[in-house]
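# Descriptive structure summary
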There are 2 protein chains.
Amino acid sequence: MRDPIEDAVLPAIRPSEEEQKHIDQVVGLILKAARNLGGAEPMVVGSVARGTFIHGDRDLDIFLLFDPTLSREALEEEGLTLARSIAGALATGFHEKYAEHPYINATIDGLDVDLVPCFRVESAAAIRSAVDRTPFHTRYIEARIPPLVDDVLLMKQFAKSGGVYGSDLMTQGFSGYLCELLILSYGGFSAMLAAAAAWKPGTLIDPEGHQAKDFSDPLIVIDPVDPCRNVAASLSLDRMFEFVELARGYRESPSRSFFSVPDSPVLSREDLAAVLTAKGTFLYTITLETPPYIPDVIVPQLRRSLESVKGLLERNGFSVNHADCAMSDACCILLFELDTRQVPCSRRHSGPPLWNQANAQRFFEKYRSGSSPAILCGPYIENGRYIVEVERRYTQAADLLRSPDVLTVGLGKHVRQSMEKNWDLCEGSGCWSPASAPIISRFFERRSPLARIRRKGSAGEDRLI
Amino acid sequence: MRDPIEDAVLPAIRPSEEEQKHIDQVVGLILKAARNLGGAEPMVVGSVARGTFIHGDRDLDIFLLFDPTLSREALEEEGLTLARSIAGALATGFHEKYAEHPYINATIDGLDVDLVPCFRVESAAAIRSAVDRTPFHTRYIEARIPPLVDDVLLMKQFAKSGGVYGSDLMTQGFSGYLCELLILSYGGFSAMLAAAAAWKPGTLIDPEGHQAKDFSDPLIVIDPVDPCRNVAASLSLDRMFEFVELARGYRESPSRSFFSVPDSPVLSREDLAAVLTAKGTFLYTITLETPPYIPDVIVPQLRRSLESVKGLLERNGFSVNHADCAMSDACCILLFELDTRQVPCSRRHSGPPLWNQANAQRFFEKYRSGSSPAILCGPYIENGRYIVEVERRYTQAADLLRSPDVLTVGLGKHVRQSMEKNWDLCEGSGCWSPASAPIISRFFERRSPLARIRRKGSAGEDRLI
């Protein structure tokens, strides 16, 4: 017995008949073209192959499986040639993209199609690159998922609406494959939510009971086709527990709103000014040109930069309420909401206890010598330790965030290179621009998902803060 | 061989011949009067009895030793009667004072004289009140100190100049008896400084090797007349290590300035404003009427109140750079130097991790119910925990320090009673008044003793910050 809410949701999220027919038709064309051209075995992978895609999300992944005796270089060359020939015959447009290997992204009869060369290895243990694993995933899921397709659709829609769907490094949420494995393991959507409501960090799911490696990730789902891989490796602690929160909220008070992506009102400049006035906090954005590398390279550097600049702010006395980063093709933004924009000239610095005579003497000599930073007070003794109050270098957060000191912290190679050229610092409602507005809106909105979801569950109301 | 500096200092601090003659004369009169009146054996105690008083500091302590078979009530009655009769015969003025017992404070021939009744017990182990111990101290020191009198004078003057002399609860420094015991134990002023330069917390000195109790004080000096008493019990960690600092400074670079009480310039209102501007900090004073009890009762309450109000400020987001208290007959002052006078309306409050389901639910319910304090943001999830940003009650330090919330923290009975009537809050240079100026000056000056002392050691210069 499925919940009536879920029964009502399903017709809206299942692939439509025309949609499916159209896809089957395009798939047929591609497979035929591939077989005619020869050299590799074409295979439909991903959610379209399993019928587990949400109505409207019909991105097509066609893998081209080559003989594993080929060299990597030969695979890349022959693979791209074949993919280009297929696209050339069928696509209205296509271009080369790059993950671990190059592949072709094409538009064929209105569908977004990836044509991905890989090795046709004997077993998942013999893979030569990550993409070689995908056909095994497809075969594993295809063989088991048919009775649970609706449950997978509910799970995916539920995760999407809650903002936790997608395993890219920026989202750090649930991949489609992870959704399918969770539904398979728990035997359905309701059972999965019941289990998730009680998840703890370190929860382990091992569908094939063949785990061969230890993991310290928040959620560990051993890949059924690879005993040494955690399918949930890219899921962050926060996305995991946002999902737990959603599961608890839905079980407590089920509603359709858990399956609809909420409207995210974009703040106007005046809204932003009002939010900051209401909270009494201070917003700063550092904007830099996005380095010309793929997100897998840049996003981790961006997160590291965020933590480093946050540390720089805290060391200089500026308490950070919240920080986040965002990335578009053109630019990357680091956002900092501070509790204060100004700190006193004076900073307390605690030295060693006096009974540690050698260190105490060294400390004293350092501050007696009258070098920088200038002493405003002390050294004096408090709780048996030397204390000095020294002059701060920066009393305004904006001065610090504009200073070259920003370049002295751990930023990651490409982010640093971009910032060595330039960065823009904005402050308060001056951070707002048509381009930054959606990012700033998400920055504040990201912090009220629970209130929003639970409210929906009861009152259906939706507001930003 | 004494240091030439010390040789030069001694003539100025030794009691003069006329001074000693005058004291001997007054002592003679009092002893004669006491013996004529009868009922108790009079005894000169304290530094005057031992010749270890600094030129000018000739306060006279005369104890009246009564038969220990008397009751406490009878002692108090007969003791006061005798003391009054002596004072009546000799003093230009006198009044009753109260420590553990009542006693008489009189002015006799220009000297300040305490006439203190006590029991003439057989041994220090048999004392019935703290004052009964004093005659034993006098006998112990008198018998041993003659060869070291100059060393004691140097020690006392050194401690006085450094601001660490006096065992009252406000000073928490070195008592005269403690100075004498340290000189006796180490065998002289230079040896004592050499030892003190290497003191650690918990340093133990037991002149008679008869310790019968454990102590956790910073410095432990077992009373030669009482194996269960630490003579240094009231010495604070900071006064102890300020003395250590002085000892190190003098040994490194001896100078007469270590024996002269420094000029303490009193800040003008304009000076205070300039100091606060230079440091960028914010000064607040809470002034209350001094409760009508002895300092032994009030000072610990005042210190407790200081810590409690400091905690209140920190809990409300106001970072305290430094805090101190002071007391006069008329009023008590709590001083707070803050890093900020204003905090954002919004306060982050971190809840339980979500995997602690019962606590998480309780937290969520609390904030969902929309009760006070108002939620400005969240609850949202960070590092697996619920975070809410709630409205602060006070965004201005002055509002908090004027509010009744001050009365909700641990203040001590009598301080609370005084504050329930009223307290004054002042801010910035508005804290300055002719009455508060010396206290405010000490508040800032107390924090540069090392710089001052070491500077004196080299350049002889003297300035406040």
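For chain A, the helix and strand inventory stands at 16 helices and 15 strands. Taking the principal axes of the C-alpha coordinates as reference, chain A spans close to 85 × 55 × 45 Å. Summed over its atoms, the accessible surface of chain A is roughly 19,800 Å², and 50% of this surface lies on carbon and sulfur atoms. Of the charged side chains in chain A, 51 are positive and 61 negative; the average position of the first set lies 6 Å away from that of the second.

Before going further, it helps to spend a moment on helix α9 (residues 237-252) of chain A. Think of an α-helix as 3.6 residues a turn; residues three or four steps apart then line up on the same face. In this model, α9(A) (16 residues) spans 22 Å end to end at C-alpha, consistent with the 22 Å of a helix rising 1.5 Å per residue. For α9(A), the tally of buried residues reaches 13 of 16 residues, placing the bulk of the element in the interior.

The subject of this paragraph is the interface of chain A and chain B. It is common to give the size of an interface as the accessible area that goes away when the parts come together. If you look at the interface, chain A gives 50 residues, while chain B gives 51 residues. Summed over both partners, the interface of chain A with chain B comes to about 4,300 Å²; 55% of that surface belongs to carbon and sulfur atoms. Contact with chain B buries surface across chain A, with Arg248(A), Trp355(A) and Ile381(A) losing the most and accounting together for 14% of the total. For the interface between chain A and chain B, the tally reads two salt bridges. Among the salt bridges present, the one from Lys279(B) reaches Glu389(A), with a minimum N-O distance of 2.5 Å. In this structure, the connection of chain A to chain B is made through 23 residue pairs in polar contact (both at pLDDT 80 or more). Listed by contribution, the elements that provide at least two residues to the side of chain A that touches chain B are α9, α10 (269-279), β10 (320-327), β12 (346-353), α12 (357-368), β13 (375-382), β14 (385-391) and α16 (449-458) of chain A. Tallied by class, the residues present in the side of chain A that touches chain B amount to 23 nonpolar, twelve polar and 15 charged.

Residues and elements named next belong to chain B. Here helix α12 (residues 357-368) is twelve residues long and its end C-alpha atoms lie 16 Å apart, about the 16 Å a rise of 1.5 Å per residue gives. Regarding α12, the residues found buried are Ala360, Phe363, Phe364 and Tyr367. Seen end-on, α12 carries its buried residues on one side only, within an arc spanning 95°.

Moving on: the sheet that holds strand β4 (residues 102-108) of chain B. Residue and element names in this part refer to chain B. Taken in spatial order, the five strands make up an open sheet running β1-β2-β5-β4-β3, and their pairing is mixed. The open sheet terminates on both sides in strands that have one partner only, identified here as β1 (41-45) and β3 (93-98). Each strand of the sheet is rotated relative to its neighbour by a mean of 25°, with strand direction disregarded. Across six bridges, the pairing between β3 and β4 is antiparallel. Looking at β4, one finds that tyrosine 98 is bridged to proline 102. Contacting β1, β2 (60-66), β4 and β5 (111-119), helix α2 (residues 17-37) runs over the sheet at an angle of about 20° to β2. Packing of helix α5 (residues 134-144) onto the sheet brings it into contact with β1, β2 and β5, and relative to β1 it is tilted by some 60°.

Looking now at the relation of the copies chain A and chain B. Rotating chain A by 180° and translating it 0.1 Å along the rotation axis places it on chain B, where the RMSD comes to 0.1 Å. Classification of the inter-copy transformation places it as that of a two-fold axis. No C-alpha of chain A lies nearer the rotation axis than that of Thr340(A), which sits 4.6 Å from it. Of all interface residues in chain A, 100% are interface residues in chain B too; the two copies therefore contact each other through one and the same surface.

Here we take up a nonpolar patch on the surface. Residue and element names in this part refer to chain A. On the surface, a nonpolar cluster with roughly 230 Å² of combined accessible area is contributed by Tyr293, Ile294 and Val297. The residue isoleucine 294 is located in the loop between β9 (282-289) and α11 (295-315) in this model. Judged by relative accessible area, isoleucine 294 falls into the partly exposed class, the value being 34%.

Here the largest pocket defines a volume of roughly 2,100 Å³. Around the largest pocket, the lining comprises 50 residues; the ones closest to its centre are Asp61(A), Asp114(A), Ser167(A), Asp168(A) and Ser175(A). Counting residues per element, the lining of the largest pocket draws most heavily on helix α3 (residues 46-50) of chain A, at four residues. Of the residues assigned to the lining of the largest pocket, the class counts are 22 nonpolar, 13 polar and 15 charged. Residue lining of the second largest pocket: 42 residues in total, with Asp61(B), Thr134(B), Ser167(B), Ser175(B) and Gly176(B) positioned closest to the centre. Taken together, the elements giving at least two residues each to the lining of the second largest pocket come down to α3 (46-50), β2, β3, β5, α5, α6 (149-161), α7 (176-186) and β8 (226-230) of chain B. Residue classes in the lining of the second largest pocket are distributed as 17 nonpolar, eleven polar and 14 charged. For the lining of the second largest pocket, the domains that each give at least three residues are domain 1 (12-142) and domain 2 (146-259) of chain B.

Residue and element names in this part refer to chain A. Counted under the stated rule, the structure contains 30 aromatic pairs over all chains. Between the aromatic rings of phenylalanine 174 and phenylalanine 243, the centroid separation amounts to 4.8 Å while the plane-to-plane angle is 45°, which identifies the pairing as tilted. You can see phenylalanine 174 sitting in the loop between α6 (149-161) and α7 (176-186) and its partner phenylalanine 243 sitting in helix α9, a full 69 residues away along the chain. The buried category is assigned to phenylalanine 174, whose relative accessible area is 0%. Taken together, the ring pairs in this structure connect Phe158, Phe174, Phe189, Trp199, Phe243, Tyr250, Phe258 and Phe259 into an aromatic cluster.

The backbone phi angle of Gln172(A) is positive, close to 60°, even though this residue is not glycine. Among the structural elements, Gln172(A) can be located in the loop between α6 and α7. Its identity as a non-glycine residue notwithstanding, Asp109(B) has a phi of 50°, on the positive side. Of the residues examined, Asp109(B) reaches a relative accessible area of 43% and is grouped as partly exposed.

Another point: the sheet that holds strand β14 (residues 385-391) of chain B. Residues and elements named next belong to chain B. Taken in spatial order, the three strands make up an open sheet running β12-β14-β13, and their pairing is antiparallel. Across the chains shown, the open sheet's two edge strands, defined by having one partner strand only, are β12 (346-353) and β13 (375-382). The average angle at which neighbouring strand axes cross in this sheet is 20°, direction not considered. Judged from the six bridges that link them, β12 and β14 form a sheet pairing that is antiparallel. What sits directly across from serine 350, in β14, is isoleucine 387. Docked against the sheet, α12 engages β12, β13 and β14, running at close to 150° with respect to β12.

Rules used in this analysis
Residues numbered from 1 in each chain as written. Chains lettered and ligands numbered in written order. Predicted model: local features only at pLDDT ≥ 70, side-chain atom pairs only at ≥ 80, totals over all residues. Heavy atoms only, no water. Helix = DSSP H or I, 4+ residues; strand = E, 2+ residues; numbered from the N terminus. Areas by Shrake-Rupley, 256 points an atom, 1.4 Å probe, with all protein chains shown as cover. Lys, Arg positive; Asp, Glu negative; His and termini not counted. Charge placed at Lys NZ, Arg CZ, Asp CG, Glu CD. Expected span 1.5 Å × (residues − 1). Buried < 20%, exposed > 50% of the residue type's maximum accessible area, 1.4 Å probe, protein only. Contact = heavy atoms within 4.5 Å. Buried area = accessible area lost by both parts, 1.4 Å probe. Salt bridge = Lys/Arg side-chain N within 4 Å of Asp/Glu carboxyl O. Polar contact = N/O pair within 3.5 Å; in protein donor to acceptor, adjacent residues only side chain to side chain. Nonpolar A, V, L, I, M, F, W, Y, C, P; charged D, E, K, R; others polar. Arc of directions from axis to C-beta. Pairing = 2+ DSSP bridges. Axes fitted to C-alpha atoms, helices over the stretch in contact; angles between N-to-C directions. Least-squares fit on C-alpha atoms with pLDDT ≥ 70 in both. Patch = residues over 30% accessible without salt bridge, like charges linked within 9 Å, V, L, I, M, F, W, Y side chains within 5 Å. 1 Å grid on protein atoms, 1.4 Å probe; cavity = no way out; pocket = protein on both sides within 12 Å on 5 of 7 lines; lining within 4 Å. Points joined across faces, edges and corners; volume = space filled by probe spheres on them. Domains from an automatic or database assignment. Phe/Tyr/Trp six-rings, centres within 6.5 Å; stacked < 30°, edge-to-face > 60°.

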